[in-house]
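# Structure at a glance
Next come the chains, spelled out residue by residue.
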Amino acid sequence: MKSLQVTGKKRRLRNRIELLDIIIFIILLAITLAIILPFLNVLAISFSTQKDFMDSRFMLIPKKVTFANYKAILQDGRLWVGYRTTLIFLMIGVPLNLFLTTSMAYGLSQPGFPLRKFFIYFIIFTMMFNGGIIPLYLLMKQINLINTIWSVILGAGLNSFYLIIMRNYFMSLPSSLVESARLDGANEWQILFRIIIPISMPIIATITLFYSVDRWNEWYFAMIFIRKNELVSLQLALRSIVMEGQASQHFNYTDVNAIEFSDGMKMGAVLCTMLPIMCVFPFLQKHFVKGRLLGAIKA
Amino acid sequence: MVKSLERVKNFFKDLWKWRNNCIMILPGVGWYIIFAYIPIYGLTLAFKAYRANLGIFRSPWVGLENYVYVFRDPAFLESIWRTLFINFGRLLFQFPYPIILALLLNELRINRFKKAMQTVLTFPHFLSWVIVASIMINVLGSQGLVNSLIKIFGGEAVNFLGSTKLFVPLLYITENWKSGGWTMIIYLAAISGIDTEQYESAEIDGATRLQIMRHITLPGIKNTIVVLFILAVGNIMVQGFDQVFNLSNPATAKVAEILDMYIYRITFKTAADFSFSTAVSLFRSVINFVLLLSADRITKWLGSEGLFS
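Note that the coordinates shown come from a computational prediction; the quantities given were computed from them, not determined experimentally.

### Observations concerning the overall build of chain B
Secondary structure assignment for chain B yields 17 helices and zero strands. The globule rule puts the C-alpha radius of gyration for 309 residues at 19 Å, and the 25 Å found for chain B is more than 25% above it. In terms of overall dimensions, chain B has a C-alpha envelope of 75 × 60 × 30 Å along the principal axes. Sorting the 309 residues of chain B into buried and exposed places 41% on the buried side.

Quick look at the structure:
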C-alpha cells in the first residue's frame, strides 16, 4: 500500500486559478452542501419547538434553542432499550468477530498448510452463493436462538470480505519473521499472539472499526430474528420513532401507548442514533479509507 | 494403490505437523458450517413441504411442486422485472457518479477545501439506511428543505416520498448521496496511481486540462472502472434491499417491490409458506451465483485479479 493520502497530482506548471477552477469548485461546493445542509437541518429541528419549525421556511439555525425534544424522546424509553441492545451487540459481537476472523485468517495465511486452498474456496463459495434469510431464520428457530441476542451476534459472526482482507495482510508480512520464530521453537499460537498480532495492529484496528460500524448499524437480522420489545436494536428503535405509522406493519410495538412524535423529537432521535459515528468519523477517517483501499474493489 | 496410500499417509502426517493451524481455523470453519452451509443445505426446502415440527432436515420431499406455484404468481414475475429495471437504471444513473466526483475532486485546485470535501462526501456511507431514510423523510417532506426551496422560488410543494413516479429516481439520488463519495475513494486512489511523468510531459506539450483528463486520467482508471462495472452487473439481482425497504411506504409499496422485498413480504408479512419462499430464494441465489461467477471470470479474463481472492 502506497501513500494512503488520496490527493491529486501536484502540478507545478500552470498553477493559475482559472474559470474552470471556479466552476469545478462551485459544483463540488453544491454537492458538499447537499450533504451538510440536511444534517444542519436535522440538528436545528431537534432543538426547536414544533411551532417554530412549522413557521420556518428554511431552517438551519433554531430560532430559540430548546431541549424539550431530547427530554421527551429520552423519556419515551425505547432509545435507551435500543442503546442497551446495540451496546450488547457491540461488546460481545465485536470481540467474537475479531477472534473468529484473526484466528482463521492466520491459520489460512501460512503457505505450507495443506488444507489452505480448500478452505479458501470454502469461504469464497459462500460469498457467491448463500442460502438467504429464510433457511437462516428457520435454523435460528430450530436451535432456539429466536428472540435472543445470540441470533444476531452469531448470525453476523464473520464477514468473509474482512476475513480475506486480513488474510491477505498476514500473507504480505515477511515470511522470515514466522520462520525464524519457528526455528526458535515457538508454536503457532505464540507466533500469532507475540509476533503477528503486534505488528498487524493497523489492519486489526481497521477491521475492528468496520465490524463496530456494522454492529452499530445492525437492523436487518435484529428485525427478523428478534421480535421482543425489550430487545429492540437502536436502529429499529429509531425506525419505530420516525416511521411510526408505516413501521407498525413491520414492527410489533403495541399501539396502546403509542405517542405522537413531533418532528423535533424524531430528529432528536436521528441525532442520538448517529452521534457516535459522527464523533468518531473525522478522527478515524484515515482507517476507513485504508480499509476501503485494502478491500479494493471487494466490498 | 500403495502409492495413493502413501500419499494419504503423508497428507495426514502433514496435517499433524500443522495441527495448531487446524485448531486455529476450527472456530471459523465451525461458524461457516453452521451459519453458511446449513442454510445453503436449507435451500433444499424449495423441493420440500416444510412442516414446523419436522424442521428443515426431515420435512418431506415434493419435487418441483413449489415452483409450479412460484412461476404462476404474477407478483413474483413482476418483482423480477422491477428488480432488473431499477438496477439497470443504477448502472446508468448511479455508476458514473463516483467517477465524475473523483475527476472533479482531482481537478480541484483550490486545495484548502479538498480534504474537508472528501471527508463530507465519504461520511454518509457509514450511516445505516434507517438513519439516511429518516433524514430523507425530513428533507423531502412537505416542510423539508427541498420543498422550502421550491416554495421560495414560487413553486408548488411536491410529495416526493409518496409519489410512485418519483420513487425510482429518488433511489438513484439518495444512493449517490449516501455512497457516491465512498466509491469515489477507489477512483481517487486509482488516479493517484497514475504515473506523474505522463502529466508533466502532457503539460509541457501544452495539452489543455480537458485533454489531459480525457487522454491520461480516464485511460489511467479504465481498469478500475471496468472491474467495478462488472461487479455492479454481477449484483444486479440483489442490490438495494436496505434502501428500498426503508425509503418505501404504503403509498409507494407497489413500485418498490423488488425481488428481495417480495421475498420479505411473502415470508414475514403474510401467512408464511416457507417452502414457497425458499423456492423463490433458491431461484434468486442461483441467478445471483451465475451472475457473480461470470463477473469474476470476465474480470480474470481481462487480466485483473478476479473479484474474490
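Read on, since the account is not over.
### Observations regarding the overall build of chain A
When helices and strands are counted, chain A shows 15 helices and zero strands. Going through the 299 residues of chain A one by one, you find that 39% of them count as buried. A sequence separation of at least 24 residues applies to 75% of the contacts in chain A between residues at least 6 apart.

### Here's the deal with the confidence of the model for chain B
Looking at chain B, the pLDDT average stands at 90 and 98% of residues meet or exceed 70. The complex prediction reports pTM at 0.89, with the ipTM value standing at 0.90.

### Quick look at the environment of isoleucine 146 of chain A
Residues and elements named next belong to chain A. For isoleucine 146, the location among the structural elements is in the loop between helix H6 (133–142) and helix H7 (149–155). Residue class for isoleucine 146 comes out partly exposed when judged on the 18 C-beta atoms lying within 10 Å of it. With residues up to four places along the chain from it excluded, the contact list for isoleucine 146 reads Met140, Lys141, Ser151 and Phe225.

### Observations regarding the interface of chain B and chain A
Taken together, the contact pairs 81 residues of chain B with 85 residues of chain A. With 15 residues, helix H2 (residues 19–42) of chain B is the largest single contributor of residues to the side of chain B that touches chain A.

### Regarding the domain arrangement of chain A
Residues and elements named next belong to chain A. Once the domains are mapped, chain A shows domain 1 (19–66) and domain 2 (73–298). The distance between the C-alpha centroids of domain 1 and domain 2 comes to 32 Å. Facing eight residues of domain 1, the contacting portion of domain 2 comprises seven residues. The set of elements that each furnish at least two residues to the side of domain 1 that touches domain 2 consists of helix H1 (19–46) and helix H2 (50–55). In terms of residue class, the side of domain 1 that touches domain 2 is built from four nonpolar, four polar and no charged.

### Topic: the domain arrangement of chain B
Residues and elements named next belong to chain B. Here chain B is partitioned into domain 1 (2–58) and domain 2 (73–301). Measuring from the centre of the C-alpha atoms in domain 1 to the corresponding centre in domain 2 gives 37 Å. Between domain 1 and domain 2, the contact holds six residues from the first and seven residues from the second. In the side of domain 1 that touches domain 2, the residues fall into five nonpolar, no polar and one charged.

### Some words on unusual backbone geometry
Residue and element names in this part refer to chain A. If you check the backbone angles, asparagine 144 has positive phi at about 60 degrees while not being a glycine. Relative to the assigned elements, asparagine 144 resides in the loop between H6 and H7. The phi dihedral of asparagine 147 is positive, around 65 degrees, even though this residue is not glycine. Looking at where asparagine 147 falls in the secondary structure, it is placed in the loop between H6 and H7. Owing to 14 C-beta atoms within 10 Å, asparagine 147 belongs among the partly exposed residues under this scheme.

### Here we look at the packing of H1 of chain A against helix H8 (residues 129–139) of chain B
Between H1 of chain A and H8 of chain B, the least distance of the axes is 10 Å, while the angle of their chain directions is 80 degrees. The angle between H1 of chain A and H8 of chain B falls in the class roughly perpendicular. Judged by residue contacts, Pro38, Asn41 and Val42 of chain A of H1 of chain A engage Ile135, Asn138 and Val139 of chain B from H8 of chain B. Across the contact of H1 of chain A with H8 of chain B, the residue classes tally to four nonpolar, two polar and no charged.

### Some thoughts on the nonpolar core
Residues Met166, Leu238, Ala269 and Val270 of chain A together with Tyr187 of chain B are the most contacted members of the largest nonpolar core, which totals 142 residues. Apart from the residues within four sequence positions on either side, leucine 238 of chain A is in contact with Ala269, Val270 and Thr273 of chain A together with Val130, Ile131 and Ser134 of chain B. Counting residues in each nonpolar core, the second largest holds five residues, with Val227, Ile230, Leu292 and Ala295 of chain B among its members.

### Structural notes on helix H10 (residues 188–199) of chain A
Given a rise of 1.5 Å per residue, twelve residues ought to cover 16 Å, and the 16 Å separating the end C-alpha atoms of H10 of chain A matches this to within 8%. Where H10 of chain A is buried, its residues touch helix H4 (78–107), helix H8 (160–172) and helix H9 (175–183) of chain A together with H2 of chain B.

### Quick word on the confidence of the model for chain A
All names here are of chain A. Summing up the model confidence of chain A, the mean pLDDT is 85 and the portion of residues at 70 or higher is 88%. Per-element confidence in chain A ranges from a low mean pLDDT of 51 for helix H14 (residues 244–247) to a high of 96 for H7. Confidence over residues 1–13 falls short of pLDDT 50; this stretch has 19 contacts with residues more than four positions distant or in other chains.

### Examining H2 of chain B
Along H2 of chain B, the sharpest change in direction is near 40 degrees and occurs at leucine 26 of chain B; proline proline 27 of chain B comes one to four residues later. For H2 of chain B, the complete set of buried residues consists of Asn21, Met24, Ile25, Gly28, Val29, Tyr32, Ala36, Pro39 and Gly42 of chain B. If you follow the buried residues of H2 of chain B, they end up packed against H4, helix H5 (116–128), H6 and H10 of chain A together with helix H3 (55–58) of chain B.

### Quick look at the environment of isoleucine 226 of chain A
Residues and elements named next belong to chain A. Considering the arrangement of structural elements, one finds isoleucine 226 in the loop between helix H12 (220–225) and helix H13 (234–242). Residue classification places isoleucine 226 among the buried positions, given that 22 C-beta atoms sit within 10 Å. Along the primary structure isoleucine 226 and isoleucine 165 are separated by 61 residues, whereas in three dimensions their C-alpha atoms are 31 Å apart. Apart from the residues lying within four places of it in its own chain, the contact partners of isoleucine 226 are Asn147, Ser151, Val152 and Leu231.

What counts and what doesn't
Residues numbered from 1 in each chain as written. Chains lettered and ligands numbered in written order. Predicted model: local features only at pLDDT ≥ 70, side-chain atom pairs only at ≥ 80, totals over all residues. Helix = DSSP H or I, 4+ residues; strand = E, 2+ residues; numbered from the N terminus. Rg over C-alpha atoms; globule rule 2.2 N^0.38 Å. Buried ≥ 20, exposed ≤ 12 C-beta atoms within 10 Å, placed from the backbone. Contact = placed C-beta atoms within 7 Å. pLDDT = per-residue confidence, 0-100. Domains from an automatic or database assignment. Nonpolar A, V, L, I, M, F, W, Y, C, P; charged D, E, K, R; others polar. Axes fitted to C-alpha atoms, helices over the stretch in contact; angles between N-to-C directions. Parallel < 35°, antiparallel > 145°, perpendicular 65-115°, else oblique. Core = buried A, V, L, I, M, F, W, Y, C linked by C-beta atoms within 7 Å. Expected span 1.5 Å × (residues − 1). Bend = angle between axes of the 7 residues up to and from the residue.

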